[in-house]
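Descriptive structure summary
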Amino acid sequence: MSADDHAAAREAAIRLLARREYAVAELQGRLEQRGHEAGTVAAVMAELADEGLVSDERFAEAFVNSRVERGQGPMKIGAELRQRGVEPALADPHLEAVDWVAQARAAYHHRFGDADPPADYRERAKRMRFLQGRGFTAEQVRRVVGEDDD
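Attention in this report is confined to the structure presented alongside it. On a predicted model such as this, the values are computed, not experimentally measured, just so you know.

A short note on the overall build of the protein chain
Along the protein chain, the regular secondary structure elements total 9 helices and 0 strands. Seen in sequence order, the protein chain has helices and strands lined up from the N terminus as α-α-α-α-α-α-α-α-α. Whereas a compact globule of 150 residues would reach a radius of gyration of roughly 15 Å, the protein chain reaches 20 Å, over 25% beyond that. C-alpha extents for the protein chain along the principal axes are approximately 70 × 25 × 20 Å.

Now the structure itself:
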C-alpha cells in the first residue's frame, strides 16, 4: 500500500462523506468499486472511524429519521439498514424510539385523507396492503385500519 493509494482512497471517502452519511460497510464497498485495494480501504476506514468521520450509529440515526419522514415503517427501515451493513444492535435503539402506530396513522391519513371507513373487504384490504408495503407490522396496520371500524 503506497502513500499515494492511501491518500487517494481517503480523498475519495471524504468526498463521498461530504455529500451524505454512509454506513461503514457501504462506504467500504463504494471505495472498492472505484478500484481501491481492499487493504488500503480497510486502513482508510479504520482511520475515518477513529476520527469520528464515519459511524454506523450516526448513520442509523440519520437513516431512521429520514425514512420516518418519508412515512416508512420499521420493517422496511430495519431491512434497509441490514442491507447496508448496519448491525441490528446499533439500529434497534433508534427504531424503538419511534411511535410506529402514530407514524402508520399519519401515512394512512396522508394517503387516504379523512375518507370514510373502508366500505367493503376489498377497500379495507387495499388500505392494509398500502401500510404493509410501507413496512409497518401487521399489528400496527390492524390498529390503524381497525380504528375506522369504530
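Looking at the side chain of Q72
Mapped onto the elements of the fold, Q72 is located in the loop between helix 4 (56–69) and helix 5 (74–83). Not counting residues within four places of it along the chain, the set of residues in contact with Q72 comprises R67, I77, E80, W100, R134 and F136.

Considering the packing of aromatic side chains
Overall, the coordinates contain 4 aromatic pairs when judged by the stated rule. Both rings, one in W100 and one in F136, keep their centres 6.4 Å apart while their planes meet at 65°; by these two values the pair is edge-to-face. One end of the pair, W100, is in helix 7 (residues 100–112); the other, F136, is in the loop between helix 8 (121–133) and helix 9 (138–146), and 36 residues separate them in sequence. The same class applies to W100 and to F136, which are both buried. With a centroid separation of 5.1 Å and an interplanar angle of 50°, the aromatic rings of Y108 and F112 are classed as tilted. One end of the pair is Y108 and the other is F112, both in helix 7 and 4 residues apart, which spans about a single turn.

With respect to the layout of surface pockets
What the largest pocket holds in volume is close to 180 Å³. In terms of lining, the largest pocket is formed by 14 residues, of which the most central are P74, G78, R82, D92 and L95. Secondary structure elements with two or more residues in the lining of the largest pocket: helix 5 and helix 6 (88–96). The element contributing the most residues to the lining of the largest pocket is helix 5, with 6 residues.

Examining the pattern of salt bridges
Summed over the entire model, instances satisfying the criterion amount to 9 salt bridges. R15 serves as the salt-bridge partner of E11, at 3.0 Å between the closest nitrogen and oxygen. On the criterion of helical spacing, the pair formed by E11 and R15 is a turn pair, its members being 4 residues apart in helix 1 (residues 3–19). Residue class for E11 comes out partly exposed when judged on its relative accessible area of 48%. One salt-bridge network, in which partners are shared between bridges, spans R10, E47 and E51.

Digging into the packing of helix 7 against helix 8
Helix 8 packs onto helix 7 with a crossing angle of 125° between their chain directions and a minimal axis gap of 10 Å. In this view, helix 7 runs oblique relative to helix 8, as classed from their interaxial angle. The handedness of the crossing between helix 7 and helix 8 is right-handed. Where helix 7 abuts helix 8, its residues A104, A107, Y108, R111 and F112 lie against E123, R127, F130 and L131. A per-class count over the contact of helix 7 with helix 8 returns 6 nonpolar, no polar and 3 charged.

Basis of the calculations
- Residues numbered from 1 in each chain as written.
- Predicted model: local features only at pLDDT ≥ 70, side-chain atom pairs only at ≥ 80, totals over all residues.
- Heavy atoms only, no water.
- Helix = DSSP H or I, 4+ residues; strand = E, 2+ residues; numbered from the N terminus.
- Rg over C-alpha atoms; globule rule 2.2 N^0.38 Å.
- Contact = heavy atoms within 4.5 Å.
- Phe/Tyr/Trp six-rings, centres within 6.5 Å; stacked < 30°, edge-to-face > 60°.
- Buried < 20%, exposed > 50% of the residue type's maximum accessible area, 1.4 Å probe, protein only.
- 1 Å grid on protein atoms, 1.4 Å probe; cavity = no way out; pocket = protein on both sides within 12 Å on 5 of 7 lines; lining within 4 Å.
- Points joined across faces, edges and corners; volume = space filled by probe spheres on them.
- Salt bridge = Lys/Arg side-chain N within 4 Å of Asp/Glu carboxyl O.
- Axes fitted to C-alpha atoms, helices over the stretch in contact; angles between N-to-C directions.
- Parallel < 35°, antiparallel > 145°, perpendicular 65-115°, else oblique.
- Left-handed = near helix turned anticlockwise from the far one by under 90°.
- Nonpolar A, V, L, I, M, F, W, Y, C, P; charged D, E, K, R; others polar.

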